[in-house]
Amino acid sequence: MSLPEGAELEPDRATLEGWLGQLATLGFDAVEQTATAPAVGTLGAAGNAIAATLSRAIGEAPIEGGLATLVPILRRAAEASLNTIGPGYLAYVPGGGLPTAALAEFISTLLNRYTGLAAAAPALCRLEADVLAWLAAEFGLPETARGLLTSGGSMANLTAIVTARHDRLGEGGAVHRAMIYTSDQAHHSIAKAVRTAGIPLANVRRVATDARLRLDPGALQAAIEADRGAGALPMLVVTAAGTTNTGAVDPLDAIADICAETGLWHHCDAAYGGAFVLCDEGRRRLRGISRADSITFDPHKGMFLPYGTGCLLVRDGASLRAAFDIEAPYLQDFDALDRAGEPPSPTEYGPELSRDPRGLRLWLPLQLHGAGAFRRALTEKLALASRLHRGLLELAEGGVPLEIVDVPQLSAVAWRFTRLPGEPREAHDRRNAAWLARINARARVHLSSTSLPLQPGPGGAAAGAAFTLRACVLSFRTHAPHIEACLEDIAASAST
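None of the values given here were measured: they were computed from a predicted structure.

Definitions and limits used
- Residues numbered from 1 in each chain as written.
- Predicted model: local features only at pLDDT ≥ 70, side-chain atom pairs only at ≥ 80, totals over all residues.
- Heavy atoms only, no water.
- Helix = DSSP H or I, 4+ residues; strand = E, 2+ residues; numbered from the N terminus.
- Rg over C-alpha atoms; globule rule 2.2 N^0.38 Å.
- Buried < 20%, exposed > 50% of the residue type's maximum accessible area, 1.4 Å probe, protein only.
- Contact = heavy atoms within 4.5 Å.
- Areas by Shrake-Rupley, 256 points an atom, 1.4 Å probe, with all protein chains shown as cover.
- Pairing = 2+ DSSP bridges.
- Axes fitted to C-alpha atoms, helices over the stretch in contact; angles between N-to-C directions.
- Phe/Tyr/Trp six-rings, centres within 6.5 Å; stacked < 30°, edge-to-face > 60°.
- Parallel < 35°, antiparallel > 145°, perpendicular 65-115°, else oblique.
- Left-handed = near helix turned anticlockwise from the far one by under 90°.
- Nonpolar A, V, L, I, M, F, W, Y, C, P; charged D, E, K, R; others polar.
- Disulfide = S-S within 2.5 Å.

Caption draft 1: Structural context of the overall build of the protein. Broken down by element type, the protein carries 17 helices and 11 strands. In summary, the protein has a C-alpha radius of gyration of 25 Å against a globular reference of 23 Å for 496 residues, a match within 12%. Its C-alpha atoms give the protein principal-axis dimensions of about 85 × 55 × 40 Å. Going through the 496 residues of the protein one by one, you find that 47% of them count as buried. In the protein, 75% of the contacts between residues at least 6 apart in sequence involve partners at least 24 apart. In the structure as shown, the protein presents an accessible area of about 22900 Å², 57% of it carried by carbon and sulfur atoms.

Caption draft 2: Summary view of unusual backbone geometry. Notably, L213 is not glycine yet its phi reads approximately 65°, a positive angle. Relative to the assigned elements, L213 resides in the loop between β3 (204–207) and α8 (217–229). A residue is classified by how much of its surface remains accessible, and L213, at 8% relative accessible area, is buried. Of note in this structure, A443 is not a glycine but carries a positive phi near 70°. Assignment of secondary structure puts A443 in the loop between α16 (425–441) and β10 (448–453).

Caption draft 3: The arrangement of the sheet that holds strand β1 (residues 146–150) in detail. An order of β1-β7-β6-β5-β4-β2-β3 is seen for the 7 strands of this open sheet, with the pairing classed as mixed. Pairing within the sheet leaves two strands with one partner each, and these edge strands are β1 and β3. The average undirected angle you get between the axes of adjacent strands in this sheet is 20°. With 4 bridges joining them, strand β2 (residues 178–183) and strand β4 (residues 233–240) adopt parallel strand pairing. Bridge pairing in β4 places Y181 opposite V237.

Caption draft 4: A look at the packing of aromatic side chains. Applying the stated criterion across every chain yields a total of 5 aromatic pairs. Here F304 and F476 contribute two aromatic rings whose centre-to-centre distance is 5.9 Å and whose plane-to-plane angle is 55°, an arrangement assigned as tilted. Here the residue F304 occupies a position in the loop between α11 (299–302) and β7 (310–314), and F476 occupies one in the loop between β11 (465–472) and α17 (480–494), the gap between them amounting to 172 residues. Taken together, a centroid distance of 3.9 Å and an interplanar angle of 15° make the contact between F417 and W435 stacked. Here F417 is found in strand β9 (residues 412–417), whereas its partner W435 is found in helix α16, with 18 residues between them in sequence. Each member of the pair, F417 as well as W435, is classed as buried.

Caption draft 5: Representation of the packing of helix α1 (residues 13–32) against helix α3 (residues 67–79) in the model. Contact pair α1 / α3: the axes reach a minimum separation of 11 Å and the direction vectors enclose 20°. Classed by the angle they form, the pair α1 and α3 counts as roughly parallel. Judged by the twist between their axes, the crossing of α1 over α3 is right-handed. Between α1 and α3, the residues in contact are W19, Q22, L23 and L26 and L67, A68, V71, L74 and R75, respectively. Residue composition of the contact of α1 with α3, by class: 7 nonpolar, 1 polar and 1 charged.

Caption draft 6: Quick peek at the state of the cysteines. The full count for this structure, using the stated rule, is 0 disulfides. Left unpaired, C268 is separated from the closest cysteine sulfur, that of C259, by 11 Å. Judged by relative accessible area, which is 0%, C268 ranks as buried. We note that C311 lacks a disulfide partner, and the nearest cysteine sulfur, in C268, lies 13 Å from it.

Caption draft 7: Summary view of the packing of helix α6 (residues 153–169) against helix α12 (residues 317–324). At a closest axis distance of 9 Å, the pairing of α6 and α12 adopts a crossing angle of 90°. Relative to α12, the element α6 is oriented roughly perpendicular. Residues T159, V162, T163, H166 and D167 of α6 touch α12, and the partners they reach there are S319, L320, A322, A323 and F324. Per-class residue counts for the contact of α6 with α12 are 5 nonpolar, 4 polar and 1 charged.

In structure tokens:
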């Protein structure tokens, strides 16, 4: 008897278990090897060359050799990339990739339950709602708050800005007059979200920052008053609780006061720094975040989950729902069910209708490790950043001509060579870029760079920006020995 058409897409259990074993070996080997693997894989032209050798045409028949042929390809492909799961990865904002979250992703994808409408999977949506309610409480939001899990901070920021636009302007409001205020250190996803929300990009006011690169409340107040006086419509302030550049935390309480007085929506982009509310010291540093109207937070950063796990929390859940809850006749079958006691439906609070059981990525690790493990890990990251900062101070005192941009406000540290008298800015940048390259070439840690303002010149005049090295300590695998190795490599590379 011939198999029904398409049956070859349904491997038997033994085959699936064999494949799973091979992939588990690949993944667990990679995790075990993080302690000794280079902090960065093969990138650039060499990485592109590897990519070319691994490229395979999509054939009509299964690949010869099956998964055994593909595992080496996958292993080599992973090697031609940043080693983001390693303890020495201190570039950008690390995402840890907890193994327990991978287990949640496996069962979530295999079961493939639909969680857009709670009526279709009430228990799975309840687990997700429980995690979101716990997070909202940790941020100090009231019981009226609602949360939404997204693909990342960019989507969370977009959802928040659309919610603010709908709440403040209603349907068909004067978006061409709506003004958005943020700092010159804001993440570029804010500008993307503003444009996508239909508000002209020219309406974004980049408010000046203070010496610690935090949004200046006085400059914000002046910008709002000036725009109102010119007939514009101030609508939204976007603060940062941990900028990508330096981890700067805007004065959230002072800005919340301004928003309360002026009637502007206050959105806090805490994609990087928000997780620190889970530990006592972090909560102290983020004081005032509980007063925001909405908060972006990325569990794939500070809760060490796999990339693709973002979160939006909104103080008034009714505002979030009003912006996105739209009925459709093809969903009417769910209305026929008894929906008493049903948890919130994610599709009623965000732009997506089709979605997976995203909440399991948070729920399973929290249940298996307990919240205390996350609190202790985050406390450690703040301490490690402080150690890195102290080590840099010691190097400077020992004769390395470096300047530190700021005391760490969270877990990011930025520094560079001191500019020599009369040194052209381009030459200064080249020296710093070469320093970064030498550090990374040692392959024990991997750092990244940015461009940050130089100290003001005589008379307070702006001196422009300079190439700046930065480290962000946020992997659950990064511990004290890795920071000491980083300091050793910084010192050794400074004298090369």
